[in-house]
Amino acid sequence: MREQVILITGANGEIGHGLIRYLAEQNCPIVTLDVNPLDKALRPLVSKWIVGDVLDQILLGRLVVEHQIRTIYHLASILSTKAEYNPETAHRINVEGTLNLLRLAVEQSQWQGQSVKFIYPSSIAVYGMPSLEEKRRIGKVKEGEYTFPTTMYGCNKLYCESLGRYYSKHYRQLAADASTEPTVDFRCLRFPGLISAETIPTGGTSDYGPEMLHAAAQGIPYSCFVRPDTTLPFMVMPDAIKALVKLEEADVSKISQQVYNVTSFSLSAQEIYEIVMQAFPQAQITFEPDPRRQKIVDTWPEDVDDSAARADWGWQPDYDLEHAFQGFLIPKIRERYAHKPETIDIAKS
Ligand code: SER
């Protein structure tokens, strides 16, 4: 018998770190796939870690031979800022990579005679607010509104949401046996900017939040690349993990849509600055907006409406603004750099 496992792609990233720790505590057998060798600290927590690319179909085929996959968390992705430096490569990784994993999930579902769950993180980057004035006026945005992404990453995420819907509901719809074969159970969350106490993101456009905090804790000067009034929704990593796992666990009868907004709190870069300065008064933080990255952030909503996730499967963040910074991020980050004085490289994205 092949071992029943959870597959995590992009396992070395920020979400992967938190997710592996959480699932390992529940004794879930995990197989990871990442283009880089898995972080040494995570290796004891997984059954197997594979270095490889989501574009490598032979590798993916071999994975299926050796494992029975019951859930896929497909986290591998090129984030919004990085993707703009080579949009076509980002498209290949973000879209073709997702297509490969969806196909693998359908095949697995058919072999097993039951739907494999496919949990996919999407993003506020799928939105494109028409102007800064309207962004301010509109406030919370629902899943079906303003889906006019302006970045390659946002376009990729929005399209992959549709691909997920297609593979789970309409795959090979003209085939004679199409309605009887089980297909993938695709479930997707649109995340706001994420802030982790352990890691910093690589190549995102909401990174100024976590970067400001991590730089201040390390005594590294930091210049914030957006204006002080720039407002986005954010969430701390434990809540992001909670949302992914709760969505995965939700009974299928509770899932009324395949794509859900989730959020915790919204705040401006100035408010992040004030919180950080209060915690680390020696911090050297300046504002030097980069007009091009600013333009991207200005198209992302100030807030999202996550009432569907709350109503359907009981989504509720554990961390509000106060608790996120004072009860979690600041103490954890202080502790992190006290024990590990080596610095995290703040990405010069
Ligand atoms: N945090 C991501 C980024 O900035 C958006 O999902 O690219």
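Residues numbered from 1 in each chain as written. Predicted model: local features only at pLDDT ≥ 70, side-chain atom pairs only at ≥ 80, totals over all residues. Heavy atoms only, no water.

Looking now at the overall build of the chain. From N to C terminus, the chain includes 12 helices and 14 strands. The globule rule puts the C-alpha radius of gyration for 349 residues at 20 Å, and the 20 Å found for the chain is close to it. Principal-axis analysis of the C-alpha atoms gives the chain an extent of 65 × 45 × 40 Å. Scored against the burial criterion, the 349 residues of the chain give a buried share of 56%. Across the chain, the fraction of contacts at a sequence separation of at least 24, relative to all contacts at a separation of at least 6, is 77%. A total accessible area of about 15200 Å² is found for the chain, and carbon and sulfur atoms account for 51% of it. Across the chain, the 35 positively charged side chains and the 44 negatively charged ones have centroids separated by 3 Å. (Helix = DSSP H or I, 4+ residues; strand = E, 2+ residues; numbered from the N terminus. Rg over C-alpha atoms; globule rule 2.2 N^0.38 Å. Buried < 20%, exposed > 50% of the residue type's maximum accessible area, 1.4 Å probe, protein only. Contact = heavy atoms within 4.5 Å. Areas by Shrake-Rupley, 256 points an atom, 1.4 Å probe, with all protein chains shown as cover. Lys, Arg positive; Asp, Glu negative; His and termini not counted. Charge placed at Lys NZ, Arg CZ, Asp CG, Glu CD.)

Within helix 2 (residues 57-66), burial applies to Leu-59, Leu-60, Leu-63 and Val-64. The buried residues of helix 2 all sit within an arc of 145° when viewed along its axis, so they share a single face. Opposite the buried face of helix 2, at more than 90 degrees from it, the exposed residues are Ile-58 and Val-65. On its buried face, helix 2 is in contact with strand 1 (3-9), strand 2 (30-34), strand 3 (48-51), strand 4 (67-74) and helix 4 (87-112). Where helix 2 begins, the capping side chain belongs to Asp-56, and its oxygen is found 3.2 Å from the backbone nitrogen of Ile-58. (Arc of directions from axis to C-beta. Polar contact = N/O pair within 3.5 Å; in protein donor to acceptor, adjacent residues only side chain to side chain.)

Now for the sheet that holds strand 7 (residues 185-191). Pairing is parallel in the open sheet, where 7 strands are placed in the order 3-2-1-4-5-7-11. The sheet is open, and its two borders are formed by strand 3 and strand 11 (259-261), each paired with just one other strand. On average, each strand axis in the sheet is tilted by 20° relative to the strand beside it, whichever way the strands run. Bridge count for strand 1 against strand 2 is 4 bridges, and the pairing is parallel. Note on strand 2: the bridge partner recorded for Thr-9 is Leu-33. (Pairing = 2+ DSSP bridges. Axes fitted to C-alpha atoms, helices over the stretch in contact; angles between N-to-C directions.)

Within the secondary structure layout, Arg-293 lies in helix 10 (residues 291-298). In this structure Arg-293 is buried but unpaired, with Asp-207 as the nearest side chain of opposite charge at 4.8 Å. There is a polar contact of 2.8 Å between the side chain of Arg-293 and the backbone oxygen of Gly-204. (Salt bridge = Lys/Arg side-chain N within 4 Å of Asp/Glu carboxyl O.)

Take the site of the ligand next. By nearness alone, every residue bordering the ligand is listed as Leu-79, Ser-80, Ser-123, Tyr-153, Gly-204, Thr-205, Ser-206 and Trp-300. Residue Ser-123 places a side-chain N or O atom 2.6 Å away from an oxygen atom belonging to the ligand. Surface burial for the ligand is 91%, taken as the share of its 240 Å² of free accessible area covered by protein chains. Broken down by class, the residue content of the shell around the ligand amounts to 3 nonpolar, 5 polar and no charged. (Near = heavy atom within 4 Å. Nonpolar A, V, L, I, M, F, W, Y, C, P; charged D, E, K, R; others polar.)

Residues in a regular strand point their side chains to alternate faces of the sheet. In terms of burial, strand 4 is largely enclosed, as 7 of its 8 residues are buried. Note that strand 1 and strand 4 share 7 bridges and pair parallel. The residue of strand 4 that forms the bridge with Gln-4 is Gln-68. Where strand 4 lies against strand 5 (residues 117-123), 3 bridges are found, and the strand directions are parallel. Within strand 5, the position partnered with Thr-71 by the bridge is Lys-117.

Looking now at the nonpolar core. By size, the foremost hydrophobic cluster in this structure holds 48 residues, and its most contacted members are Tyr-208, Leu-213, Phe-234, Phe-280, Phe-325 and Leu-329. Breaking this core down by element, the ones donating at least two residues are helix 6 (152-169), helix 7 (208-218), strand 9 (222-224), strand 10 (231-236), strand 12 (265-268), helix 9 (269-279), helix 10 and helix 12 (321-339). Sort the elements by how many residues they give to this core and helix 12 lands first, with 7 residues. Setting aside its immediate chain neighbours within four residues, Leu-329 contacts Ile-195, Ser-196, Ala-197, Leu-213, Val-236 and Ala-324. Within the second largest apolar cluster, 35 residues are counted, among which are Ile-15, Ile-30, Leu-244 and Val-262. (Core = buried A, V, L, I, M, F, W, Y, C linked by side-chain atoms within 4.5 Å.)

Taken together, 3 strands build an open sheet; the order of strands is 8-10-12 and the sheet is mixed. On the outer flanks of this sheet lie strand 8 (193-195) and strand 12, each paired with one strand and no other. In this sheet, adjacent strand axes meet at a mean angle of 45° when their direction is disregarded. Contacts from helix 9 reach strand 10 and strand 12, with the element oriented near 85° to strand 12.

Let's shift gears to the pattern of salt bridges. Taken as a whole and assessed by the stated rule, the structure comprises 14 salt bridges. When the shortest N-O distance is used, the salt bridge between Glu-198 and Arg-21 registers 2.8 Å. Here the residue Glu-198 occupies a position in the loop between strand 8 and helix 7, and Arg-21 occupies one in helix 1 (residues 14-25), the gap between them amounting to 177 residues. Residues Asp-298 and Arg-227 are paired through a salt bridge, measuring 3.4 Å at the closest nitrogen-oxygen approach. Of the two residues, Asp-298 is situated in helix 10 and Arg-227 in the loop between strand 9 and strand 10; the sequence distance between them amounts to 71 residues. Looking at Arg-227, the relative accessible area reads 23%, which means it is partly exposed.

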